[in-house]
Amino acid sequence: RALSKRADMPAERLARAGAFYWNIKTGETRWSPALFKLFGLSPGRDAPTREQWLYVVHPDDRSRVLQDLANSIRHQQPLQHEYRIVLPDGTLRWLIGQGDLIIDEQGTPTGMAGICLDQTAQKTIEEELRTYQEQLEALVQERTQQLVTAMQTAESANVAKSAFLANMSHEIRTPLNAVIATALLMEHD
């Protein structure tokens, strides 16, 4: 039943993906309604310009994203990159952008068509796993140190026990030697 309710749902909505077209020469962009939603914007308005889109890209990722775009156009290769965007409410979203160039008859790139995939859930899980791994590594180091300390304490206790037994053996033998010697002397007499 759950599937039948979603059978009419577009694939891009299920995949949390949106499509785009960018005219490299004119700068015109077109976005699917799902891409507007992915960026936290209301569908039905004009697609953001390249500059407006770039403004939404996380500041730490902007130069790399621009470099990826330039390399894709310069080398006429498909685009694939991962970057973060800052939604209007301030939350971060991780995206994978993939695009193919549209080349004219002269071999000049004139546009790019592609999709953006939401990877936020996967990145959140990866970060949680990384945090758990770091916590486990710290716990293992702590427990290892505790075991080393316990082992050193046990070795010290073992050395102390051996010294105690050696001293006690000597202390017991010394009076016994006198008793045995006296008994031997008495036996001769």
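See the structure printed just above.
Residues numbered from 1 in each chain as written. Predicted model: local features only at pLDDT ≥ 70, side-chain atom pairs only at ≥ 80, totals over all residues. Heavy atoms only, no water.

(A) How the structure looks around the overall build of the chain. Along the chain, the regular secondary structure elements total 6 helices and 5 strands. Of the regular secondary structure in the chain, the N- to C-terminal order runs α-α-β-β-α-α-α-β-β-β-α. Within the chain, the proportion of its 189 residues that are buried is 27%. A separation of at least 24 residues holds for 42% of the contacts in the chain among residues at least 6 apart in sequence. Working note: accessible area of the chain is about 13,600 Å², and carbon and sulfur atoms make up 57% of it. (Helix = DSSP H or I, 4+ residues; strand = E, 2+ residues; numbered from the N terminus. Buried < 20%, exposed > 50% of the residue type's maximum accessible area, 1.4 Å probe, protein only. Contact = heavy atoms within 4.5 Å. Areas by Shrake-Rupley, 256 points an atom, 1.4 Å probe, with all protein chains shown as cover.)

(B) Spatial organisation of empty space enclosed by the protein. Throughout the structure, instances matching the rule amount to 1 cavity of 30 Å³ or more. Computed from the structure, the largest cavity encloses a volume of approximately 220 Å³. Contributing to the lining of the largest cavity are 17 residues, with Phe20, Trp22, Trp31, Trp53 and Leu69 lying nearest its centre. Looking at the lining of the largest cavity, the elements that each hand over two or more residues are strand E1 (17-23), strand E2 (29-31), helix H4 (50-56), strand E3 (79-86) and strand E5 (109-118). Tallied by class, the residues present in the lining of the largest cavity amount to 13 nonpolar, 3 polar and 1 charged. (1 Å grid on protein atoms, 1.4 Å probe; cavity = no way out; pocket = protein on both sides within 12 Å on 5 of 7 lines; lining within 4 Å. Points joined across faces, edges and corners; volume = space filled by probe spheres on them. Nonpolar A, V, L, I, M, F, W, Y, C, P; charged D, E, K, R; others polar.)

(C) Representation of the sheet that holds E2. Read from one edge to the other, the open sheet built from 5 strands follows the order E2-E1-E5-E4-E3, with strand pairing classed as antiparallel. For this open sheet the edge positions go to E2 and E3, each flanked by a neighbour on one side alone. Strand-to-strand twist of the sheet, defined as the mean angle between neighbouring strand axes without regard to direction, takes the value 25 degrees. The pairing of strand E4 (residues 92-103) with E5 spans 9 bridges and is antiparallel. In the sheet register, Gln98 faces E5, and the bridge partner there is Ile115. (Pairing = 2+ DSSP bridges. Axes fitted to C-alpha atoms, helices over the stretch in contact; angles between N-to-C directions.)

(D) Up close: the pairing of E5. Burial within E5 is extensive, with 8 of its 10 residues counted as buried. Examined bridge by bridge, E1 and E5 share 7 bridges and lie antiparallel to one another. Residue Asn23 lies in a different strand from E5, and its bridge partner there is Gly111. Adjacent in sequence and paired antiparallel, E4 and E5 are bridged by 5 residues, among which Gly107 carries a positive phi angle near 85 degrees.

(E) Quick peek at a nonpolar patch on the surface. Taken together, the side chains of Phe164, Leu165, Met168 and Ile172 define a hydrophobic patch exposed on the protein surface, amounting to about 390 Å² of accessible area. Along the chain, Phe164 falls in helix H6 (residues 120-188). (Patch = residues over 30% accessible without salt bridge, like charges linked within 9 Å, V, L, I, M, F, W, Y side chains within 5 Å. Salt bridge = Lys/Arg side-chain N within 4 Å of Asp/Glu carboxyl O.)

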